[in-house]
Amino acid sequence: MSDFKALAEAVIKGDIKTAMAETQSALDAGSSAQDILDRGLIATMDEVGERFSKGLIFVPQMLRSAKTMQECTKLLQPFFKEGDITSKGRVLIGTVKGDLHDIGKNLVSMMMEGAGFTITDLGVDVSPEKFVQKAQEVEPDIVAMSALLSTTMPAMPQTIEALQKAGLRDKVKVMIGGAPVTEKYAQKIKADSYASDAGSAVSKAKKLLGVS
Ligand code: B1M
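Residues numbered from 1 in each chain as written. Predicted model: local features only at pLDDT ≥ 70, side-chain atom pairs only at ≥ 80, totals over all residues. Heavy atoms only, no water.

### Thoughts on the overall build of the chain
Then, number 1: For the chain, the count of helices and strands is nine helices and five strands.
Then, number 2: Listed by position from the N terminus, the elements making up the chain come as α-α-α-α-β-α-β-α-β-α-β-α-β-α.
Then, number 3: Taken along the three principal axes of its C-alpha coordinates, the chain extends 50 × 45 × 25 Å.
Then, number 4: Burial statistics for the chain: of 212 residues in total, 45% are counted as buried.
Then, number 5: Sequence-distant contacts, at least 24 apart, represent 73% of the contacts inside the chain between residues at least 6 apart.
Then, number 6: In the form shown here, the chain has an accessible surface area of approximately 10800 Å², with 53% of it arising from carbon and sulfur atoms.
Then, number 7: Here the chain holds 26 positive side-chain charges and 27 negative ones, and the gap between their average locations is 4 Å. (Helix = DSSP H or I, 4+ residues; strand = E, 2+ residues; numbered from the N terminus. Buried < 20%, exposed > 50% of the residue type's maximum accessible area, 1.4 Å probe, protein only. Contact = heavy atoms within 4.5 Å. Areas by Shrake-Rupley, 256 points an atom, 1.4 Å probe, with all protein chains shown as cover. Lys, Arg positive; Asp, Glu negative; His and termini not counted. Charge placed at Lys NZ, Arg CZ, Asp CG, Glu CD.)

### Concerning the coordination of the cobalt atom of the ligand
Then, number 1: Among all protein atoms, only His-101 (NE2) binds the cobalt atom of the ligand, sitting 2.2 Å from it.
Then, number 2: Positionally, His-101 belongs in the loop between β1 (89-95) and α5 (103-114). (Donors = N, O, S within 2.8 Å, 3.2 Å for Na, K, Ca; no water.)

### Focus: the side chain of Thr-159
Then, number 1: The residue Thr-159 is located in helix α7 (residues 155-165) in this model.
Then, number 2: Here Thr-159 is in contact with Pro-128, Phe-131 and Met-145, once residues within four sequence places are set aside.

### Remarks on the site of the ligand
Then, number 1: Looking at the ligand, there are 35 residues lining it, with Ser-53, Leu-100, His-101, Asp-102 and Ser-146 nearest.
Then, number 2: Here a nitrogen atom of the ligand and a side-chain polar atom of Ser-53 are 2.7 Å apart.
Then, number 3: Those elements that provide at least two residues to the shell around the ligand are α3 (33-53), α4 (59-76), α5, β3 (142-146) and β4 (173-177).
Then, number 4: Take the shell around the ligand: its biggest share by element is seven residues, from α3. (Near = heavy atom within 4 Å. Polar contact = N/O pair within 3.5 Å; in protein donor to acceptor, adjacent residues only side chain to side chain.)

### Thoughts on the nonpolar core
Taken as a class, soluble globular proteins show a tendency for nonpolar side chains to be buried jointly.
Then, number 1: Formed by 37 residues in total, the largest nonpolar core has its most connected members in Leu-7, Leu-37, Leu-41, Leu-76 and Met-112.
Then, number 2: Mapped onto this core, the elements with two or more residues apiece are α1 (5-13), α2 (16-28), α3, α4, β1, α5, β3 and α9 (198-209).
Then, number 3: For Leu-41, the contacting residues outside a window of four places in its chain are Leu-7, Val-11, Ile-36, Met-69, Cys-72, Thr-73 and Leu-76.
Then, number 4: With 26 residues, the next largest nonpolar core counts Val-96, Val-174, Ile-189 and Ala-191 among its residues. (Core = buried A, V, L, I, M, F, W, Y, C linked by side-chain atoms within 4.5 Å.)

### Brief notes about the packing of α2 against α4
Then, number 1: As a packed pair, α2 and α4 sit with axes 9 Å apart at the nearest point and diverge in direction by 30 degrees. One element, α2, and the other, α4, form an angle in the roughly parallel class. As α2 runs across α4, the sense of the crossing is right-handed. Contacts from Ile-16, Ala-19, Met-20, Thr-23, Gln-24 and Leu-27 of α2 reach α4 at Arg-64, Lys-67, Thr-68, Glu-71, Cys-72, Leu-75 and Leu-76.
Then, number 2: For the contact of α2 with α4, a count of residues per class yields seven nonpolar, three polar and three charged. (Axes fitted to C-alpha atoms, helices over the stretch in contact; angles between N-to-C directions. Parallel < 35°, antiparallel > 145°, perpendicular 65-115°, else oblique. Left-handed = near helix turned anticlockwise from the far one by under 90°. Nonpolar A, V, L, I, M, F, W, Y, C, P; charged D, E, K, R; others polar.)

If you want it as structure tokens, here you go:
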């Protein structure tokens, strides 16, 4: 992370202006958007999480860092587009019920959109009923769920069950992800796919739908 020290410090402080300027100057200096994202921004959010765990910072500071990261991500967004492409499929995505974390989910949406998927983003705290209602409306190929809290992970199987009850389970593929989620958990709850990060979410989504 040493290359992005000033960026990391600005994100930790929640200094949006400096962080955006650092992101821009890293781009201008030739760093790739992926490197800035992975080593500059995501690595820093891990550091923010560790500081929170140790009681060195509290929710308001975490929120400020999150806002700062999101503003920087907007500068990177254009670099994740794969060019002129027809839709690879429809994805309905949201952070599950009870969970307000949306940075990872937004990155997954952004990368999938850049790769040519059509995204309907339900935001955060999305109940199983809301997933079902919107799935009936937009008829997605993939229902994608994100969870960052171990306490909200059970909303994933609840959503799968709700899709089943609504007669939709055979019509959609279910993909899950988020820091506490694992491949093993995906198998346990009978999701169709698990992705550990936004980049692999794209490749897994392509694989699920058999598109390149
Ligand atoms: Co919270 N929080 N938080 N938080 N927060 C964590 C997750 C935590 C690990 C911090 C810690 O204690 N070390 C901890 C969870 C512990 C646990 O359950 N395992 C925690 C806690 C406890 C809480 C509260 C309960 C704190 C409190 O109030 N006492 C509270 C809960 C609120 C709620 O949701 N109901 C809370 C609140 C918040 C804020 C609102 C302040 C803020 C979120 C703001 C926002 O998102 N707009 C926040 C933040 C910022 C964090 C940390 C620091 C950073 C999360 C993040 O954005 N990471 C986080 C610590 C950490 O993760 N190290 C923490 C960067 C992001 C890019 O990574 O989301 O993992 P991530 O996404 C990755 C992959 O997981 C994957 O792709 C992304 C990378 O490419 N991915 C998918 C994500 N979704 C995917 C879906 C897919 C595929 C891949 O397919 C569909």
